[in-house]
Amino acid sequence: MNVLRLQFKNFMRHAELDLVLPEDGTMLVVGANGSGKSTLVEGVAWAAWNRTLRGSKPWREGEPCEVTLTTKLVTICRKRSAAGTYSLRWEYNDPALAESVFDTKTKGQAALDKVIGPFDVWRKTHVLTSADAAQFTEASDTARKLLLEELLGLDKIDAARDRAKREAVATETALERLTGAVAQRSITKRNAAATLAALPAIAVDPAPTVNARELADMVRAAKLGRQLLSDREKTVFDAVRTRRSSLLELERRFARLAANQCPVCTQPITEAVRAPLAEQVRVETEAVTEMQAKAEAEAALVKDEYNEADEEYTTLTAREKTLAQQTAMHRKQAALAADIDAQRAKLQGILAGCEAELESSKQMLPMQQKRMACLTAVQLAFSMKGFRAQLLNDAIVGVETFANMWLQIIDPELSVTLSLGEKYEVKLSLHGAGGGFGYPALSSGERRRIDVAMVLALADMAAQATGTGSGTMWLDEVFDTLDPAGISGVCEALSVLSSSRAAVVITHSDELKSRVDARVSIAMSSL
């Protein structure tokens, strides 16, 4: 981040400040302790990220506070009112770029971070103070790895990897469901096909052609005819019986005349009286005999007719029963056939549905498998077993190369080696001092030489990794603990550094004015 201008209002010690910084070269800021020198770099941190290096509150209670930070790319203004209300406004310096208007400060800060980078990366690659000069060298191996990953923007890769992991889990679940559905559909298809094959072919007899209503009418007519003949057969001898009764009465009367004397008046009965009655009995007897013969003949005819009618009735009732049985069988067969047809249609529908789903699954399954393979490959590629390790290794080589280049200027006796451990942690080895016991065994001056070289190396690496060019370096009291040779080495390094970027050197030592090749020198007492 190239800082071009800083403007303060009631920020820490400064009631008001307007400072223009060079785009390259060294700016030397000299002042006594407590004069507000370090407030400059604190102002950058607070304006850009609402944070401070010291972790303290930079404003004055009960007074409004404002810092405006102008960089090569954006201008940022952060305020705090006397009542404690915060505001953030930032915009691109190029009017052609989009306006930066946000609903909330949080969204505005998140968008700003994407432009200027995160606070921790800026602090560890562009700020070197006496308090935290050894942030990289004294950090754990794992912390060094995390810093380099953040420097390389691998947090974006982490987001992509996490997204790929989430999508892989979802895809795996989808694959399991799809595979299970294929297996279930295959079983359903197999069972449906077996059931369909086992369905019997039902033969339905032709429907009876006899009109059931006409046949029923014929049965009723035959029954009625038979009944009429039966009734007729019973009445054939009624007239004979009536005539016979009259004959019997005549015979009783004639029998009473056989005594030759009337039983009532006792007068004699003559032949003249008996003869007419005898003739009447004879005639009546002949008539009854004739009627009996005719009745018997008629009864025989009626009997024959009755037998014929009975036979016809029996035949018709048998035909009616057979028709009823045939009709019932036809209906039963038709109902069973319809049920079988319905089952067949349902099973055919199930088979068609299974085949369609299986065909769709056959098309989707390779796609999901390919997607799963791609997501797995992405996770692998973004992991330490993929190109992530190569990127980290390249960064280590770059930082090591830059660090040793700066050490050649600061102290040629010293050098460093960076390497990846088994768990991909970043190990730091020192050469030329410490007797092989590492950073803790170095003197304060040797440590400071290493610290300066590492921060400058990280700054060089950050410029290459982000592609944003070199930003303003802030070196606050870095000459403490250095002997004259160390001061000369760091001054020479600053001279090389300031040829391509701006460096702000903050110190309380007036002696450095003659040793630091500064384009701009400022005494804090004059601000």
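That block above? That's the structure.
Everything numeric here is computed off the predicted structure, so don't read it as measured data.

Peer 1: What am I meant to see in the sheet that holds strand β2 (residues 14–20) here?
Peer 2: Sheet strands associate in pairs through backbone hydrogen bonding, adopting either a parallel or an antiparallel arrangement. In space, the 5 strands of this open sheet follow the order β2-β1-β4-β5-β6, with antiparallel pairing throughout. The sheet terminates laterally at β2 and β6 (86–92), the two strands that pair on one side only. Adjacent strand axes in the sheet meet at a mean angle of 5°, parallel and antiparallel pairs treated alike. Of the strand pairs in this sheet, strand β1 (residues 3–11) and β2 are connected by 6 bridges, and their pairing is antiparallel. Opposite R5, over in β2, you have V20 as the bridge partner.

Peer 1: I would appreciate a short explanation of the pattern of salt bridges in the present structure.
Peer 2: Once their charged atoms are close, side chains differing in charge can pair, the charge on each being opposite to the other. Tallied over the full model, the rule gives 29 salt bridges. Among the salt bridges present, the one from R252 reaches E249, with a minimum N-O distance of 2.3 Å. Separated by 3 residues within a single helix, R252 and E249 lie in helix α7 (residues 238–256), roughly one turn from each other. Residue class for E249 comes out partly exposed when judged on its relative accessible area of 35%. Bridged by salt links that share partners, the residues D141, R144, E425 and K427 form one connected network.

Peer 1: Quick question: what am I supposed to make of the pairing of strand β5 (residues 74–80) here?
Peer 2: Across a regular strand the side chains alternate sides, sitting on one face of the sheet and then on the other. In terms of burial, β5 is largely enclosed, as 6 of its 7 residues are buried. Direction of pairing for strand β4 (residues 65–71) relative to β5: antiparallel, over a ladder of 6 bridges. Considered in β5, the bridge of E66 is made with K79. The hairpin formed by β4 and β5 contains 2 residues between the paired strands. Counted between consecutive antiparallel strands, the loop separating β5 from β6 contains 5 residues, among which G84 sits at a positive phi close to 95°.

Peer 1: So what exactly am I meant to see when it comes to the nonpolar core here?
Peer 2: Across soluble globular proteins, nonpolar side chains show a tendency to be buried alongside one another. Of all hydrophobic cores here, the largest spans 56 residues; its most connected members are L148, I450 and F479. Non-local contacts of L148, meaning those with residues more than four positions away in its chain, are made with F136, L392, I396, V399, V426 and L458. F11, L88, A111 and I522 belong to the second largest nonpolar core, which has 39 residues in total.

Peer 1: Looking at this model, I keep getting lost on the environment of V29. Mind explaining?
Peer 2: Considering the arrangement of structural elements, one finds V29 in strand β3 (residues 25–30). Along the sequence, V29 and E422 sit 393 residues apart, while their C-alpha atoms lie 45 Å from each other.

Rules used in this analysis
Residues numbered from 1 in each chain as written. Predicted model: local features only at pLDDT ≥ 70, side-chain atom pairs only at ≥ 80, totals over all residues. Heavy atoms only, no water. Pairing = 2+ DSSP bridges. Helix = DSSP H or I, 4+ residues; strand = E, 2+ residues; numbered from the N terminus. Axes fitted to C-alpha atoms, helices over the stretch in contact; angles between N-to-C directions. Salt bridge = Lys/Arg side-chain N within 4 Å of Asp/Glu carboxyl O. Buried < 20%, exposed > 50% of the residue type's maximum accessible area, 1.4 Å probe, protein only. Core = buried A, V, L, I, M, F, W, Y, C linked by side-chain atoms within 4.5 Å. Contact = heavy atoms within 4.5 Å.

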